[in-house]
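# Residue-level structure breakdown
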Amino acid sequence: MDTCALCAGAPAMEGNRMSLYMGLDIGGTTIKGIIMDEQGCISAENSIPTVCGEGLADCCVELADKLLGAAGIKASELTAVGVDCPGMIDSHHGKVVFAGNLRLKDYPLAKLIKEKLGGVKVRICNDANAAALGEARFGAGKGYRNSVLITLGTGIGGGIVIDGKLFEGFKSAGAEIGHMVIEKNGIPCTCGRKGCFERYASARALELKTKEIMADDTSTAMWKTYTEKTATAKTPFEYMDTDDAAKKIIDWYLKNLACGCVNLANIFRPEVIMIGGGVANQGSRLIDPLQKLVDAELFGGTDYAPVKVCVASLGSKAGEYGAIALALRP
Ligand code: BGC
């Protein structure tokens, strides 16, 4: 594969070899990876299912080997590898301090990958922070001084850019927006609290709600093409115009998502809130009603300092580009 996603058609450098970077984006279910040169041209792209727990580093290396094979290069030819990972990440020491959804605590991820890739430089950081870096550098956050990225996947991640700088909090442990409570004493979360935003507005939460409603309602049209096993977060979107149960699920979901967006908007008052993750592929079906709900509850209304809600433009590649943006960091 030889696509030029970021260099807008600039010719590849001939003669002198360009610096090559690998980005690995660890998600709760899949690890995605790319190899890219400094002009943004991708030479390899692949993904594999995530192995949670202690086997995670081996899983990353398995994907890295596939990518190196596809690009026809050795690990020693990489300038740096950027790895983004859900959870609390100690980016200085390359450790996963805590990642509930990956069942990891105090795990030296960068060191393990580095050893297995022959000593190449490996940087790690929180997945959503990396994605916000990627969006700010290459995507929908470009040109804004204040932006918030919300990633909707197995969990909910957050990346906050204030005055042009990524805000990571003390020891890069902040911006855990998925763990703000939006329902007191609500659904238990892997973090130990109850009622976290990600239990109500992640793609996983939408999928679980859909399955729960289908189990309770044998007459919903969603049964025509899906079972409790095959239904996903896309299912209610497909049926929302024709089926009451699907419409109710989407209304429930949008209210939850809007609640989190307004909380964030009222605290940070960003110019833009970017929505990433698979659910964002719904485009205007998600964004238009969400913008209305946010506008209706925004502190002080929308005249003075409106907050634009939009789809994160790097789409399903935000994580990989974020990991590359991390590898590119001086
Ligand atoms: C984790 C975050 C992560 C997010 C998205 C949450 O459960 O706590 O660190 O960014 O999921 O993967």
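We now turn to the structure provided with this report. (Residues numbered from 1 in each chain as written. Predicted model: local features only at pLDDT ≥ 70, side-chain atom pairs only at ≥ 80, totals over all residues. Heavy atoms only, no water.)

## Re helix H9 (residues 318–328)
Most of H9 sits out of view: 10 of its 11 residues are buried. Buried within H9 are the following residues: Ala318, Gly319, Glu320, Tyr321, Gly322, Ala323, Ile324, Ala325, Leu326 and Ala327. The inward-facing, buried residues of H9 contact strand S2 (20–26), strand S3 (30–37), strand S4 (41–49), strand S5 (78–85), strand S9 (122–126) and helix H3 (127–138). (Buried < 20%, exposed > 50% of the residue type's maximum accessible area, 1.4 Å probe, protein only. Helix = DSSP H or I, 4+ residues; strand = E, 2+ residues; numbered from the N terminus. Contact = heavy atoms within 4.5 Å.)

## Examining the pairing of S3
Where burial is concerned, most of S3 is hidden: 6 out of the 8 residues are buried. Bridge count for S2 against S3 is 7 bridges, and the pairing is antiparallel. For tyrosine 21, the partnering residue across the bridge sits in S3 and is methionine 36. Once S2 ends, the chain turns through 3 residues before running back antiparallel as S3. Alignment of S3 against S4, held across 7 bridges, turns out to be antiparallel. (Pairing = 2+ DSSP bridges.)

## What about the nonpolar core?
Of all hydrophobic cores here, the largest spans 46 residues; its most connected members are Ile150, Leu257, Ile275, Leu286 and Leu290. Residue assignment for this core shows that the elements contributing at least two residues are strand S10 (147–152), strand S11 (156–162), helix H4 (198–201), helix H5 (203–216), helix H6 (235–239), helix H7 (244–268), strand S13 (272–276) and helix H8 (284–297). Looking at this core element by element, the count peaks at 12 residues for H7. Not counting chain neighbours up to four residues away, the residues in contact with isoleucine 275 comprise Ile150, Leu152, Cys261, Ala280, Leu286, Ile287, Leu290, Val309, Cys310, Val311 and Ala312. Listed in part, the 36 residues of the second largest apolar core include Ile26, Ala57, Leu67 and Val122. (Core = buried A, V, L, I, M, F, W, Y, C linked by side-chain atoms within 4.5 Å.)

## Overview of a nonpolar patch on the surface
On the surface, Met88, Val97 and Phe98 cluster together into a nonpolar patch covering about 200 Å² of accessible area. Inspection of the secondary structure assignment puts valine 97 in strand S7 (residues 95–99). Taking the relative accessible area as the measure of exposure, valine 97 reaches 33% and is therefore partly exposed. (Patch = residues over 30% accessible without salt bridge, like charges linked within 9 Å, V, L, I, M, F, W, Y side chains within 5 Å. Areas by Shrake-Rupley, 256 points an atom, 1.4 Å probe, with all protein chains shown as cover. Salt bridge = Lys/Arg side-chain N within 4 Å of Asp/Glu carboxyl O.)

## Description of the pairing of S13
Of all 5 residues in S13, 5 are buried; the element is thus mostly enclosed. Of the two faces of S13, the one holding Val272, Met274 and Gly276 and the one holding Ile273 and Ile275 are both buried throughout. Here S13 runs beside strand S14 (residues 308–311); their pairing, made up of 4 bridges, is parallel. Of the residues in S14, the one forming a bridge with isoleucine 273 is valine 309.

## Focus: the packing of H3 against H9
Where H3 contacts H9, the two axes come as close as 7 Å, and the packing angle between them is 85 degrees. Here H9 runs roughly perpendicular to H3, going by the angle between their axes. Judged by residue contacts, Ala130, Ala131, Leu133, Gly134, Glu135, Arg137 and Phe138 of H3 engage Ala318, Tyr321, Gly322, Ala323, Ala325, Leu326 and Leu328 from H9. In terms of residue class, the contact of H3 with H9 is made up of 10 nonpolar, 2 polar and 2 charged. (Axes fitted to C-alpha atoms, helices over the stretch in contact; angles between N-to-C directions. Parallel < 35°, antiparallel > 145°, perpendicular 65-115°, else oblique. Nonpolar A, V, L, I, M, F, W, Y, C, P; charged D, E, K, R; others polar.)

## A closer look at the packing of aromatic side chains
One pass over the structure, following the stated rule, counts 2 aromatic pairs. Ring centres of tyrosine 200 and tryptophan 252 lie 6.3 Å apart, and the angle between their planes is 45 degrees; on these two criteria the pair is classed as tilted. Highlighted residues: tyrosine 200 in helix H4 and tryptophan 252 in helix H7, separated in sequence by 52 residues. Tyrosine 200 gets classed as buried once you look at its relative accessible area, which sits at 8%. Above the plane of the ring of tryptophan 252 lies lysine 209, whose end atom (NZ or CZ) is 4.8 Å from the centre. (Phe/Tyr/Trp six-rings, centres within 6.5 Å; stacked < 30°, edge-to-face > 60°. Lys NZ or Arg CZ within 6 Å of the ring centre and 35° of its normal.)

## Some details on the site of the ligand
Close contacts around the ligand come from Pro86, Gly87, Asn101, Asn126, Asp127, Ala128, Gly155, Ile156, Gly157, Glu176, His179 and Glu198, and that covers them all. Glutamate 176 is positioned with one of its side-chain polar atoms (N or O) 2.7 Å from an oxygen atom of the ligand. Histidine 179 is positioned such that a nitrogen or oxygen atom in its side chain is 2.9 Å from an oxygen atom of the ligand. About the coverage of the ligand: the protein hides 88% of its 310 Å² of free accessible area. Residue assignment for the shell around the ligand shows that the elements contributing at least two residues are H3 and S11. When the residues that make up the shell around the ligand are grouped by side-chain class, the tally is 3 nonpolar, 6 polar and 3 charged. (Near = heavy atom within 4 Å. Polar contact = N/O pair within 3.5 Å; in protein donor to acceptor, adjacent residues only side chain to side chain.)

## Concerning the pattern of salt bridges
Counted under the stated rule, the structure contains 11 salt bridges. The residue glutamate 198 makes a salt bridge to arginine 199 at a minimum N-O spacing of 3.1 Å. This pair shows no difference in class: glutamate 198 is buried, exactly as arginine 199 is. In this structure, glutamate 207 and arginine 204 form a salt bridge, with 3.7 Å as the shortest nitrogen-oxygen distance.

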